[in-house]
Structures are given as structure tokens and as C-alpha cells.
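A structural walkthrough
What follows is the residue order along each chain.
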Amino acid sequence: MREVPLSINTKTFLEEVLKQGLRPDARETYDYRNIQIEFGSKWGHAEVVLGNTRVMARVSAQVEKPPVSRPMEGSLFFFVNFSPMSSAKFSGNRTDFSTVVTRLLERTIKETRVIDTESLCIVSGEKVINLRVDLNLLDFAGNIIDACCIAAMSALSHFRRPDFVVNGEEVTVFTEKERDPIPLSVLHVPIMCTIGFAGEKILVDPSDDEEGVMDGFVSIATNTHHEICYIYMGGGVTLTPALVSKCCEISSLKTQEISAQITSCLEADAASRKVAPEDASRPSAISSISLQEKMDKLLAEDLTSVREKMETDDQVESAQYGSITIRYIDETDTVDNVTGVGTVKEKKDQTPTKLATIQKTPEKESFPGF
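What comes next is a walk through the structure. (Residues numbered from 1 in each chain as written. Predicted model: local features only at pLDDT ≥ 70, side-chain atom pairs only at ≥ 80, totals over all residues. Heavy atoms only, no water.)

This paragraph deals with the overall build of the protein chain. Of regular secondary structure, the protein chain possesses seven helices and 18 strands. Taking the contacts inside the protein chain whose residues are at least 6 apart along the sequence as the reference set, 67% of them involve residues at least 24 apart. (Helix = DSSP H or I, 4+ residues; strand = E, 2+ residues; numbered from the N terminus. Contact = heavy atoms within 4.5 Å.)

In this section: the nonpolar core. Ranked by internal contacts, the top residues of the largest apolar core, which has 70 residues, are Phe 82, Leu 105, Ile 109, Leu 135 and Ile 195. Per element, the largest residue contribution to this core is 11 residues, and it comes from helix α3 (residues 144-158). (Core = buried A, V, L, I, M, F, W, Y, C linked by side-chain atoms within 4.5 Å. Buried < 20%, exposed > 50% of the residue type's maximum accessible area, 1.4 Å probe, protein only.)

Another aspect to go through is the environment of Gly 142. Along the chain, the position of Gly 142 falls in the loop between β6 (127-139) and α3. The class of Gly 142 is buried, set by a relative accessible area of 0%. Note: C-alpha distance between Gly 142 and Glu 210 (68 residues apart in sequence) is 8.2 Å. The residues touching Gly 142, leaving out its near neighbours within four places in the chain, are Arg 33, Thr 53, Pro 206, Ser 207, Asp 208 and Glu 211.

Tallied over the entire structure, the rule returns two aromatic pairs. Taking the centre distance of 6.1 Å and the plane angle of 35° together, the rings of Phe 82 and Phe 97 count as tilted. Of this pair, Phe 82 sits in strand β4 (residues 76-82) while Phe 97 sits in helix α2 (residues 96-110), and the two are 15 residues apart along the sequence. In this pair, the class of Phe 82 matches that of Phe 97, namely buried. Ring geometry for Phe 217 versus Tyr 232: centroids 6.1 Å apart, planes at 50°, classification tilted. (Phe/Tyr/Trp six-rings, centres within 6.5 Å; stacked < 30°, edge-to-face > 60°.)

Here the structure, examined in full by the defined rule, presents 15 salt bridges. Across the pair Glu 210 and Arg 27 runs a salt bridge, and its minimum N-O distance is 3.6 Å. Within this pair, whereas Glu 210 is found in helix α4 (residues 208-211), its partner Arg 27 is found in the loop between α1 (8-19) and β1 (35-39), the two being separated by 183 residues in sequence. Exposure remark for Glu 210: the relative accessible area of 1% places this residue in the buried category. Given the relative accessible area of 12%, Arg 27 is considered buried. Connected through salt bridges with shared partners, the residues Arg 23, Asp 25, Arg 27, Arg 33, Asp 205 and Glu 210 form a single ionic network. (Salt bridge = Lys/Arg side-chain N within 4 Å of Asp/Glu carboxyl O.)

Once that is clear, we can look at the sheet that holds strand β12 (residues 201-204). Spatial strand order, β12-β11-β13-β14: four strands in an open sheet with antiparallel pairing. Since the sheet does not close on itself, it has two edges, and those belong to β12 and β14 (228-235), each with one partner. Neighbour to neighbour, the strand axes of the sheet diverge by 20° on average, direction disregarded. When strand β11 (residues 191-198) meets β12, the two strands line up antiparallel, connected through four bridges. (Pairing = 2+ DSSP bridges. Axes fitted to C-alpha atoms, helices over the stretch in contact; angles between N-to-C directions.)

The subject of this paragraph is the pairing of strand β9 (residues 170-173). Sheet analysis places strand β8 (residues 164-167) next to β9, joined by four bridges and oriented antiparallel. Residue Val 165 lies in a different strand from β9, and its bridge partner there is Thr 172.

The next point concerns α2. In this model, α2 (15 residues) spans 20 Å end to end at C-alpha, consistent with the 21 Å of a helix rising 1.5 Å per residue. Of the positions making up α2, those classed as buried are Phe 97, Ser 98, Val 101, Thr 102, Leu 104, Leu 105, Thr 108 and Ile 109. When α2 is viewed along its axis, its buried side chains cluster within an angular range of 160° and face the same direction. On the buried face of α2, the contacting elements are β4, β6, α3, β11, β13 (216-222) and β14. (Expected span 1.5 Å × (residues − 1). Arc of directions from axis to C-beta.)

Take the packing of α2 against α3 next. As a packed pair, α2 and α3 sit with axes 10 Å apart at the nearest point and diverge in direction by 50°. Classified by the interaxial angle, the pair formed by α2 and α3 is oblique. Our pair here, α2 against α3, has a crossing hand that is right-handed. Here Phe 97, Val 101, Leu 104, Leu 105 and Ile 109 of α2 lie close against α3, whose contacting residues are Ile 144, Ile 145, Cys 148, Cys 149, Ala 152, Met 153 and Leu 156. (Parallel < 35°, antiparallel > 145°, perpendicular 65-115°, else oblique. Left-handed = near helix turned anticlockwise from the far one by under 90°.)

Okay, here's the thing in C-alpha cells:
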């Protein structure tokens, strides 16, 4: 990450504000910026907005052969990309800081066995499901570590792997249309909490400007069971045991809040998928069928008069009204060739002449507004 120094006036202003116990964005000392979590239409797509920092995460799965050392376990890989469009601090190539974030995610999520990798095994030593988590930084406004961790955990919790059946040596992997996909076995939810230090001031979730005046920071990953998963220190600040203990307590409290928000967003997404049809842009055909039935009912009221007119006029052979067709059938036709209900017109000599038949034409699928 390329360092972009602050101007002298901006740096002086920030230092004076922090000395007075304030923050530039009017937050309290232990407050996070607003967190927004949104899920895409496909499983495993999540977008997290932390203040003005925006990260998009995508989880994909692939069936591969496992390594010899772990024949019954799948694998989890992380790939972090900092786009130069997000900030002038990043170049197009892979930066050292993106490598640091990748290692942090691996140690926080992979090495603490958040995902039950044994549940990803299909055939021992032959086929396992490997997961790949791609994280792309879209906008940068400080605290990338926390935003990437929240995005990764949200995407993994939202992802569904395909179902499969093993019959002898034959393995059948079902598509989403054939069988409902299965969620991953998430054992715990670790969340990173980054705390910066500027002199004696503690800065939870530092912004981009606050990072420019920090002496150092510490990122602590804790889960909902109040267990410390990983601690990473950056900068040249020295921390006392009492200060480290205080930071762990802050991280534990923030983890509970963020985990509850992730769970709430997952439940809201699941509820919307149950209510919404498969193609939300296409209106339901129920309303159009009901409308057609009402039209047929209104037209059926005039059928009696129309039939009598057709019987007296031999020039008219058929008439179309909505989805109803009224036509004459010669006496050479049989009733087997006619669909619908027929009535026989008889003259005084009791000889059948023509058969008036009501035939309902096949209804075409129609939708209001089309």
C-alpha cells in the first residue's frame, strides 16, 4: 500500500481534535461506523459497507482431488484484491498489504476451523469440495481488515454447496434445480476488531484520516463464545497487559453486535427468497386467468341470443367471442369430432339438420400489461 501523506493543516486539525477527546466524524471512542450487509441473488455473494469502505465477497466451490496428507478434508482459499479504482494508495499489482490481509483471514477463519472441512469430502482420497473466497475492495475509507473479515464471514454463512450422492464408485452431483443446495457447516463466527492508538487516545474502527495520525493498531479476532482467535499488531506502539485486556473486551462486545447483525441479515434474505417468486420480473398468471374467466362469464350471457341468430342464418358458420367459439357442424359430422356440449335443432319433420356447438379455444398464457 502506497503511503499518501496528509496535508499539514489536516494532520494538525486531527491531532488537536483527538487531544480534546473527540473524533472528526463525531463518533464516540468505542463506536463503529454504520455497517450495511447485502446479499446477492446467487448463494455466497455478499457486499459489506463499513462507513465508506466497500468490500464485495464471492464464494465458489470446485470438486478436486485432495492432497495425500489430508485425504478426507476439503480446502479453503482466500484471494484479496485491492483495486486501484478504490484509492490512490493501491496500484494494479498485488500489494504487500493485500498479502497481509490474506494471511490474517487464513489464520482467523481457516486455521481456527470455522468451516468443517471434513463435511466437504465426497470420496476419501479421490474427490473433495474446495472453497474459494474472492474479496474485492471497491471503495477505501479506512479499516480494510474488519471490512474484509465481515464480508468473508457473511459470504461463507450465506453460501450453499451442491448436494451429491455416492453410489459405489459413481458420484452424482446435483444442480440447484434438481436438489436444494446445502449450507456450510459453520462452527463459530470470528470477527476482527481493529483498534488504533493515537497518543493516549483509543480509536475503534479508525477511518482513513485517523489512520494517517495513528501510532499503531491492534486487530483482535474473537468469536461469539468470547474466545480469542487471533491477535495482530501493527506499527511501533507498545501495549501494556492491562491495555491488551481492555482491547480484548472491546473486541468481544463488538463481535456480539456484528454477529447478531449478520444473523439478522441472513434471516431477512432467507425470508425474501421464500416469498419472492423465481422470476420476480414476471407477474403471476393467476390474476390473468381470473380476468379471463370474468370476461368469459360476461360473454356467456349473450350466447343464447347469438345461437338463435346463427341457427336462423345459414350464411354464418362460426363466430369468435373472447375464448369462446360458436360454430355449426354439418349433419355429416359426428359428435366424436366435436369438443364441447352440443344441442340438436329439429324441424317439424323431426329430422336433425345442423348441430350448434360451443367450443372453448385453448387459452394462451397472458400477463397484464403484455
